[in-house]
Amino acid sequence: MNKIVALLFLISMASCSSQEQAVQQSSMKTSYETWVAGVRGGGSGIHFYVDFKTALSDQIVLKKVVFRGYEVPFEKMDNLHFMATIKTEGNQQKQEGDDSQIYTSPKNALTLRENEAILIFSKKAKEFNVKIKRVTEKPMLEYPSAKPKF
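The model shown is predicted, which means the values in this text are computed figures rather than measured ones. (Residues numbered from 1 in each chain as written. Predicted model: local features only at pLDDT ≥ 70, side-chain atom pairs only at ≥ 80, totals over all residues. Heavy atoms only, no water.)

Here we take up the overall build of the protein chain. Counting its secondary structure elements, the protein chain contains one helix and 10 strands. Across the protein chain, helices and strands are ordered from the amino to the carboxyl terminus as α-β-β-β-β-β-β-β-β-β-β. With 150 residues in all, the protein chain has 36% of them scored as buried. When the accessible surface of the protein chain is split by element, carbon and sulfur atoms take 53% of a total near 9,800 Å². (Helix = DSSP H or I, 4+ residues; strand = E, 2+ residues; numbered from the N terminus. Buried < 20%, exposed > 50% of the residue type's maximum accessible area, 1.4 Å probe, protein only. Areas by Shrake-Rupley, 256 points an atom, 1.4 Å probe, with all protein chains shown as cover.)

Take a look at the structure:
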């Protein structure tokens, strides 16, 4: 069933991307950095960045990214810079007797290579996508475990 859903998703994305060429891969730079909290159980994740050379048209909205099995929305930093935060399973801790689920970002059935991503845009209520074949990796962020004592 998951393979059928993924295949239908690919077909629909391929047809959408052939109809829309409003955003070219060459007009943006994509990168990511993994992070881990400095305290046990503090969580971990990935910050995914898109930096445009020129601002997007008012009609085009950067909606989501599909990266490493996750699908998450973007946060607009300014007209040229966008960031999506993926929360992963690493460095999560449950207390004894806690039967709640660990929070992670939503999964996507689409399988991509380790450094590939799909950016989902919308223009006039129609979605289209751009496949990124090489996302640049930045050095890992390791947040400090405690504030330094002076």
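Our focus in this paragraph is the packing of aromatic side chains. Using the criterion set out here, one finds five aromatic pairs in the structure. Note that lysine 138 overlies the ring of tyrosine 49, its terminal NZ or CZ placed 4.4 Å from the centroid. (Phe/Tyr/Trp six-rings, centres within 6.5 Å; stacked < 30°, edge-to-face > 60°. Lys NZ or Arg CZ within 6 Å of the ring centre and 35° of its normal.)

This part is about the nonpolar core. One finds Phe48, Leu119 and Phe121 to be the most contacted residues of the largest nonpolar core, which totals 25 residues. Of all elements in the fold, only strand E1 (28-36), strand E2 (42-52), strand E3 (60-67), strand E4 (70-73), strand E6 (81-92), strand E7 (117-123) and strand E8 (126-132) reach the threshold of two or more residues within this core. The residues contacting phenylalanine 121, other than those within four sequence positions of it, are Val23, Met28, Phe52, Leu56, Ile60, Val61, Leu62, Lys63, Lys126, Glu127, Phe128 and Val130. Counting five residues, the second-largest nonpolar core is a separate cluster that includes Leu110, Leu112, Ile118 and Ile120. (Core = buried A, V, L, I, M, F, W, Y, C linked by side-chain atoms within 4.5 Å. Contact = heavy atoms within 4.5 Å.)

Moving on: the pairing of E3. Note that E3 and E7 share seven bridges and pair antiparallel. Bridge pairing in E7 links valine 66 to isoleucine 118. Examined bridge by bridge, E3 and E4 share four bridges and lie antiparallel to one another. Paired with phenylalanine 67 across the two strands is tyrosine 70, which belongs to E4. Hairpin connection of E3 to E4: two residues between the antiparallel strands, including arginine 68 at a positive phi of 50°. (Pairing = 2+ DSSP bridges.)

Our focus in this paragraph is the sheet that holds E8. Pairing in this open sheet of four strands is antiparallel, and the strands run E4-E3-E7-E8 from one edge to the other. A single partner strand is all that each edge strand has here, and the edge strands are E4 and E8. Each strand axis lies, on average, 25° off the axis of its neighbour in the sheet, ignoring direction. The pairing of E7 with E8 spans seven bridges and is classified as antiparallel. The residue of E8 that forms the bridge with lysine 123 is lysine 126. (Axes fitted to C-alpha atoms, helices over the stretch in contact; angles between N-to-C directions.)

Structurally, threonine 30 is set in strand E1. Each residue touching threonine 30, except ones within four places of it in the same chain, is listed here: Phe48, Tyr49, Val50, Leu119, Ile132, Arg134, Val135 and Thr136.

Glancing now at the pairing of E7. The element E7 is largely enclosed, with a buried count of six among its seven residues. Linking two consecutive strands that pair antiparallel, namely E7 and E8, is a turn of two residues; a positive phi of about 50° is found at lysine 124 within it.

Of note, lysine 124 is a non-glycine position whose phi angle comes to about 50°, a positive value. Looking at where lysine 124 falls in the secondary structure, it is placed in the loop between E7 and E8. On the basis of relative accessibility, which here comes to 62%, the residue lysine 124 falls in the exposed class. Even without being glycine, alanine 125 reaches a positive phi, approximately 65°. Mapped onto the secondary structure, alanine 125 falls in the loop between E7 and E8. Residue classification places alanine 125 among the exposed residues on the basis of a relative accessible area of 81%.

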